[in-house]
Amino acid sequence: MTASGMLDDIRRKVENGERLSFEDGLFLDEHCDLLTLGRMANRVRERKNGDVAYYNTNVHLNPTNVCVYRCTFCAFRSDLRSDRAYVFSDDMIRERVLEAQARGATEIHVVGGLHHQRKFDWYVNVVRVIHETWPQIHIKAWTGVEINWFAHLTKQPYEWVLRELMAAGLGSLPGGGAEIFDEHVRSQICEHKADSQHWIDIHRTAHQLGLRSNATMLYGHVEQARHRIDHLLRLRDLQDETGGFQTFIPLAFHPENTGMSHLHKPTGHMDLRMIALSRLMLDNFDHIKAYWIMLGEKTAQVALGFGADDIDGTVVHELIYHDAGAKTPEGLTVDQLHRLIREAGREPVERDTLYRRVQRRGAEWWIDEPALSA
Ligand code: V47
């Protein structure tokens, strides 16, 4: 088929809500111009989410940066004996939770390093301390890679690990650690950590236990188009099976202070292409997030016209991207988020982690039922 025939065929599929194939994805990634890609993705976004763009009020907590792994893309990790190494005490965790409460946050996002000397109980305790300090906050904690490490530490199955964390107050899993599923690329960027199949098995188990989770893809390093499409389709397959993913977040590689600092940061052009491509390929995901921390506020705002319906949140205290050279502020106010969303022509809706509408009166907040997404 000619290139224009291929594009016509894809346009027709998108218009009819038909699923795109691996070959369609590869064609779009390698040959389709940005505006055509964006227009199609925006059509899909509009069908799924209308005029709404979501944000949430959240706070990040990275309880330690000490990590047994040495992923080449990571600037955040530290050796145990480095001057940079830190570990939060229970009091420091409580202080962060009380700050989150004062800021009116509905979610705390917790990820960190895999500390050589901490046992599983320490990670459970992080969740428990947060939950006991303020039971109302949703705890989105520990990526699939961390869950895999806990299973290794305890020699217990994923289900057991997840149930222990749920009993302590875990509310959902963030989408990190997915990187790129292709085994060859993965061996170049994060050789020793949980492999793709483990990451997928962990999210499947979480979904079976009733936990929702997110998914990510780290792009703009040594991967190629075929690896990106393969990654998206593996996620789409799992979503067909469980329906447990809430949102997909394409993560642009930030090279500063990493083992791949010779690479260039992805351009705004590529960032927008990845947003649009994911919207088109992940037909069974309700939401695509333009994570402003990593895209920058300006690109994230434009991404709302290229397939994204979510801009993440107020954030505060983000370290993983800032250690890798992100120039974005560490947090945005609700007013700033509203302005970005409104100027992009969307209606800002504050959601909780599970995409339910948050209502506020003064310092109080509560959740409107029923759930906004299936
Ligand atoms: O898994 C680490 C990525 C992820 C770098 O679920 C880097 O709502 C770029 O997953 N350049 C962790 N990326 C962050 C994450 C996340 C972020 C926001 C929202 C959610 C969610 C999840 O960050 C890691 C890795 O893929 N990462 N270092 C870097 N130098």
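Residues numbered from 1 in each chain as written. Predicted model: local features only at pLDDT ≥ 70, side-chain atom pairs only at ≥ 80, totals over all residues. Heavy atoms only, no water.

Asker: Whenever I open this one, the site of the ligand confuses me. Can you help?
Answerer: If you check the shell around the ligand, you find 22 residues, and the closest are F73, K140, G177, E179 and H254. Take G175: an N or O atom from its main chain is 2.8 Å from an oxygen atom of the ligand. Between an oxygen atom of the ligand and a side-chain N or O atom of K289, the distance comes to 2.8 Å. Of all the secondary-structure elements, those providing two or more residues to the shell around the ligand are β6 (212–219), β7 (245–252) and α14 (320–323). Grouping the constituent residues of the shell around the ligand by class yields 11 nonpolar, 8 polar and 3 charged. (Near = heavy atom within 4 Å. Polar contact = N/O pair within 3.5 Å; in protein donor to acceptor, adjacent residues only side chain to side chain. Helix = DSSP H or I, 4+ residues; strand = E, 2+ residues; numbered from the N terminus. Nonpolar A, V, L, I, M, F, W, Y, C, P; charged D, E, K, R; others polar.)

Asker: What is the right way to read the environment of N284 from this model?
Answerer: Within the secondary structure, N284 sits in the loop between α11 (268–281) and β8 (287–288). Residue classification places N284 among the buried residues on the basis of a relative accessible area of 18%. Along the backbone, N284 and L235 are 49 residues apart, and their C-alpha atoms lie at a distance of 9.7 Å. When sequence neighbours within four positions are dropped, the list of residues in contact with N284 reads R19, R236, Q239 and D240. Within polar-contact distance, the side chain of N284 engages the backbone oxygen of R236 at 2.9 Å. Within the local environment of N284, its side chain forms a polar contact with the side chain of D240, the two groups lying 2.8 Å apart. (Buried < 20%, exposed > 50% of the residue type's maximum accessible area, 1.4 Å probe, protein only. Contact = heavy atoms within 4.5 Å.)

Asker: In this structure, what is going on with the pattern of salt bridges? I would like to understand it.
Answerer: Where charged atoms from two side chains of opposite charge come close, those side chains can pair. In the structure shown here, the tally under the stated rule is 27 salt bridges. R77 is the partner of D79 in a salt bridge, and the nearest nitrogen-oxygen pair spans 3.0 Å. Residue class for D79 comes out partly exposed when judged on its relative accessible area of 34%. Across the pair E223 and R228 runs a salt bridge whose closest N-O atoms are separated by 2.8 Å. Judged by relative accessible area, E223 falls into the buried class, the value being 7%. On the basis of relative accessible area, R228 is assigned to the buried category, the value being 7%. A single network of salt bridges, built from pairs that share partners, joins D9, R12 and E18. (Salt bridge = Lys/Arg side-chain N within 4 Å of Asp/Glu carboxyl O.)

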